[in-house]
Amino acid sequence: MNVFLWTVQAVLAAMFALAGVMKSAQPKEELIGRLPWVADFSQATVRFVGVVEFAAALGLILPAATGIAPVLTPLAATGLVVVMVLAAITHARRKEPGAIAFNAVLLVLAALVAWGRFGPYSF
């Protein structure tokens, strides 16, 4: 199970790191084509979401890998669960069921990591 959790953590970290860098580094106008929801939010909010996603990606890997404050790993996963709930709400308001399904998958994976790292497979 530990190897499975590390694999899920790595996949989530890669996805959220890439998404976070994209949202925090590109202007809102360039993102609207790929991420239509950004039209509903300010540039600052979109960048904030990107920074949060990138920080969570780091939190999924670095504390556990270095052994420095490993409790931050399940906390980062829990934070991503919250981000995915908020993302699903946003997509529900915009009537985007495909995006809600994608958010649900990421939410379940992040919840699995949080459960595993807080519980039976903590460091």
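Predicted, not measured: the structure shown is a model, and the values here were computed from it.

Q: Explain the nonpolar core residue by residue, including any values.
A: Grouped together as the largest cluster of nonpolar side chains are 20 residues, with contacts concentrated most on Leu12, Phe16, Leu60, Leu80, Met84 and Val113. Elements that contribute at least two residues to this core include exactly helix 1 (2-25), helix 3 (43-66), helix 4 (72-93) and helix 5 (97-118). Here the element with the most residues in this core is helix 4; it accounts for seven residues. Those residues in contact with Leu12, other than ones at most four positions away along the chain, are Leu60, Leu106, Leu109, Ala110 and Val113. Judged by nonpolar contacts, the second largest core, of five residues, contains Leu31, Leu35, Trp37 and Val38.

Q: So what's going on with helix 4? Residues and values would help.
A: An ideal rise of 1.5 Å per residue puts 32 Å on 22 residues; helix 4 measures up with 32 Å between its terminal C-alpha atoms. All of the buried residues along helix 4 are Thr73, Pro74, Ala76, Ala77, Leu80, Val81, Val83, Met84, Ala87, Ala88, Thr90 and His91. On its buried face, helix 4 sits against helix 1, helix 3 and helix 5. Positive phi appears at Lys95, one or two residues downstream of helix 4, with a value of about 55°.

Q: Describe in detail unusual backbone geometry, supporting the description with residues and values.
A: Phi at Ala69 takes a positive value of approximately 50°, unusual for a residue other than glycine. Relative to the helices and strands, Ala69 resides in the loop between helix 3 and helix 4. Even without a glycine there, the phi angle at Lys95 is positive, about 55°. Relative to the helices and strands, Lys95 resides in the loop between helix 4 and helix 5.

Parameters and conventions
Residues numbered from 1 in each chain as written. Predicted model: local features only at pLDDT ≥ 70, side-chain atom pairs only at ≥ 80, totals over all residues. Heavy atoms only, no water. Core = buried A, V, L, I, M, F, W, Y, C linked by side-chain atoms within 4.5 Å. Buried < 20%, exposed > 50% of the residue type's maximum accessible area, 1.4 Å probe, protein only. Helix = DSSP H or I, 4+ residues; strand = E, 2+ residues; numbered from the N terminus. Contact = heavy atoms within 4.5 Å. Expected span 1.5 Å × (residues − 1).

Purely geometric stuff here, so don't read any function into it on its own.
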